[in-house]
Amino acid sequence: AQTVTQSQPEMSVQEAETVTLSCTYDTSESDYYLFWYKQPPSRQMILVIRQEAYKQQNATENRFSVNFQKAAKSFSLKISDSQLGDAAMYFCAYRSDSSGYSTLTFGKGTMLLVSP
Amino acid sequence: EAEVAQSPRYKITEKSQAVAFWCDPISGHATLYWYRQILGQGPELLVQFQDESVVDDSQLPKDRFSAERLKGVDSTLKIQPAELGDSAMYLCASSSQPGSPYEQYFGPGTRLTVT
């Protein structure tokens, strides 16, 4: 079974600065997807960024980028120019691409605090 | 922008009582998911529907939980009887198709407290 580990229960950053959230995963599969989801307080979870394992190029979405190290099974999220609205719980998630009905496996999350 | 709707947003119930949650996915989404999120942890899948059929309920405690999606649109998750350990956030999500490339859109969740 796949596992996803987020070793940072909480991270803090000041506005306009950069922060990196860590994620490692364990799998024996070669085809899969990795995701970062954001869950603001009392609001729905939204997808921040997605990485296909077969792609060597790291995904980027505006201020959000990932560092995908397939051999090391590491998938970190970098948030540049942090904003107050970035404060939320961030979840790393894994999904196999071997089955059309594969499920998302989430880590325990990292709470990001942003201070002015 | 279309969203996944869930109700109620909050529910307090006594143990041994029955409780039900409702989810209306984004229109046209064939795949619907129910997750349970215990405080301080990530969501865990309870059941996955493709149209009206269950395709994965391996983590659903079937002695007390049931889920249905009769017409392949909205869905209901029921717990009977509720136990203290069922206190959690119940999230519904939908996607246009199953499989990894298709984004899952999440609803706001139902926060259940069992006393």
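Figured I'd write up the structure that's included with this text. (Residues numbered from 1 in each chain as written. Chains lettered and ligands numbered in written order. Predicted model: local features only at pLDDT ≥ 70, side-chain atom pairs only at ≥ 80, totals over all residues. Heavy atoms only, no water.)

1. Considerations on the sheet that holds strand S1 (residues 5-7) of chain B
Residue and element names in this part refer to chain B. As summarised here, the arrangement of the four strands in space is S1-S3-S8-S7, forming an open sheet in which the pairing is antiparallel. This sheet does not close on itself; its edge strands, each paired only once, are S1 and strand S7 (65-68). Pairwise comparison of adjacent strand axes, ignoring direction, gives a mean angle of 15° for this sheet. Bridge count between S7 and strand S8 (residues 75-79): four bridges; the pairing is antiparallel. Its bridge partner being in S8, Ser66 is matched across the sheet by Lys78. (Pairing = 2+ DSSP bridges. Helix = DSSP H or I, 4+ residues; strand = E, 2+ residues; numbered from the N terminus. Axes fitted to C-alpha atoms, helices over the stretch in contact; angles between N-to-C directions.)

2. Examining the interface of chain B and chain A
Counting residues at the interface gives 26 residues for chain B, matched by 21 residues for chain A. On the surface where chain B and chain A come into contact, there are zero salt bridges. There are five residue pairs in polar contact (both at pLDDT 80 or more) connecting chain B and chain A. Elements supplying a minimum of two residues to the side of chain B that touches chain A: strand S4 (31-37), strand S5 (44-50) and strand S6 (53-56) of chain B. (Contact = heavy atoms within 4.5 Å. Salt bridge = Lys/Arg side-chain N within 4 Å of Asp/Glu carboxyl O. Polar contact = N/O pair within 3.5 Å; in protein donor to acceptor, adjacent residues only side chain to side chain.)

3. A word on unusual backbone geometry
Glycine aside, residues mostly have negative phi angles, and peptide bonds mostly take the trans form. Here Ser7(B) and Pro8(B) are connected by a cis peptide whose omega angle stands at -10°. Inspection of the secondary structure puts Pro8(B) in the loop between S1 and strand S2 (10-13). The peptide bond linking Gln80(B) to Pro81(B) adopts the cis configuration, its omega dihedral lying at -5°. Following the sequence through the fold, Pro81(B) ends up in the loop between S8 and strand S9 (88-95). Phi is positive for Lys73(A), which is not a glycine, with a value near 55°. Its place among the elements puts Lys73(A) in the loop between strand S8 (64-69) and strand S9 (74-79). Assessed through its relative accessible area of 27%, Lys73(A) is described here as partly exposed. Even without a glycine there, the phi angle at Ser16(B) is positive, about 80°. Relative to the assigned elements, Ser16(B) resides in the loop between S2 and strand S3 (19-24). (Buried < 20%, exposed > 50% of the residue type's maximum accessible area, 1.4 Å probe, protein only.)

Shape is all these values report; function is a separate question.
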